[in-house]
Amino acid sequence: MSEPDPKADLLRYLQDARDALLWKLDGLPEYDVRRPLTPTGTNLLGLVKHVAGVELGYFGDTFGRPFFDKAPPPPWWYTEEAEPNADMWATADESREEIVGLYRQAWEHSDSTIATLTLDAVGHVPWWPAERRKVTLHHILVRVISDTQRHAGHADIVRELIDGSAGLSQGKDSLPPGDRAWWEGHRSRLERVAREAGNR
């Protein structure tokens with residue numbers, strides 16, 4: 001067994017979530033990556049845009065390493081007068097390549113912060129209430145991993161609603177074996193059970 005490396009462990013779980021989220025866009029046309037599939041408008045490209053902003057804010061501004069220090073931030077950034085929820089969807093002028101590219105740049109920026117600082121390094125979250133603003137890199141890593149994994153789960157469901165694709169990552173679906181007919185039978189069984197329980 002190798003020596004424990006908590007920072008490497010945390011970064012591995014963050015990268016797993018990042019990769020899973022981006023994989024959900026693969027092979028889809030432009031409409032489907034933008035299509036809102038919940039009453040609150042959850043969509044795949046919006047999830048990517050949101051988590052890019054999460055990383056840039058928490059690993060950038062929080063630790064005095066702003067990403068938008070040489071160029072102005074986008075209109076949806078937290079320091080701007082953005083409309084509510086502007087970071088959760090892509091405008092027609094924001095391309096998939098632009099948003100995915102920003103997310104990959106966010107990874108590099110975040111990874112640089114993580115590599116440079118110790119886990120007990122202190123930062124301040126500018127948009128949190130003053131009494132809670134002081135945090136450590138460890139705290140922020142755990143928070144961003146949790147947030148990214150949560151949104152990767154949202155993306156799992158949205159992608160399944162679009163074309164039936166399911167699974168954790170390419171070549172590793174983490175699902176029990178079964179063809180389309182098996183899954184249709186499984187779903188029908190669950191529907192029957194739900195109706196039976198609901199009628200008691």
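Above this text sits the structure in question.
Below is a short write-up of the structure. (Residues numbered from 1 in each chain as written. Predicted model: local features only at pLDDT ≥ 70, side-chain atom pairs only at ≥ 80, totals over all residues. Heavy atoms only, no water.)

1. A closer look at unusual backbone geometry
Phi is positive for Asn 85, which is not a glycine, with a value near 70°. On the basis of relative accessibility, which here comes to 46%, the residue Asn 85 falls in the partly exposed class. (Buried < 20%, exposed > 50% of the residue type's maximum accessible area, 1.4 Å probe, protein only.)

2. Digging into the environment of Glu 97
Inspection of the secondary structure puts Glu 97 in helix 4 (residues 96-116). Here Glu 97 falls in the exposed class, since its relative accessible area comes to 58%. Taking C-alpha positions, Glu 97 is 33 Å from Pro 6, a pair spaced 91 residues apart along the chain. (Helix = DSSP H or I, 4+ residues; strand = E, 2+ residues; numbered from the N terminus.)

3. Quick notes on the nonpolar core
Counting 27 residues, the largest nonpolar core has Leu 21, Leu 22, Leu 25, Leu 44, Leu 45, Val 48 and Tyr 103 as the members making the most contacts within it. At the level of secondary structure, the elements contributing two or more residues to this core comprise helix 1 (6-23), helix 3 (44-59), helix 4 and helix 5 (137-163). Top contributing element to this core by residue count: helix 3, with 7 residues. For Leu 21, the contacting residues outside a window of four places in its chain are Leu 47, Val 48, Val 51, Tyr 103, His 151, Ala 152 and Ala 155. Counting 17 residues, the second-largest nonpolar core is a separate cluster that includes Leu 117, Trp 128, Leu 141 and Ile 145. (Core = buried A, V, L, I, M, F, W, Y, C linked by side-chain atoms within 4.5 Å. Contact = heavy atoms within 4.5 Å.)

4. Overview of the packing of aromatic side chains
Aromatic ring pairs: the centre-centre distance and the angle between the two ring planes describe each pair. This model, assessed by the stated rule, comprises 8 aromatic pairs. Ring plane angle 70° and centroid distance 6.0 Å describe the contact between Tyr 58 and Trp 128, whose orientation is recorded as edge-to-face. Of the two residues, Tyr 58 sits in helix 3 while Trp 128 sits in the loop between strand 1 (122-124) and strand 2 (134-136), which places them 70 residues apart along the sequence. Given the relative accessible area of 8%, Tyr 58 is considered buried. With a centroid separation of 4.9 Å and 70° between ring planes, the pair formed by Phe 68 and Trp 77 is classed as edge-to-face. A network of ring pairs unites the aromatic residues Tyr 58, Phe 67, Phe 68, Trp 76, Trp 77, Tyr 78, Trp 127 and Trp 128 as a single cluster. When the ring centre of Tyr 13 is taken as reference, the NZ or CZ atom of Arg 12 above it lies at 4.5 Å. (Phe/Tyr/Trp six-rings, centres within 6.5 Å; stacked < 30°, edge-to-face > 60°. Lys NZ or Arg CZ within 6 Å of the ring centre and 35° of its normal.)

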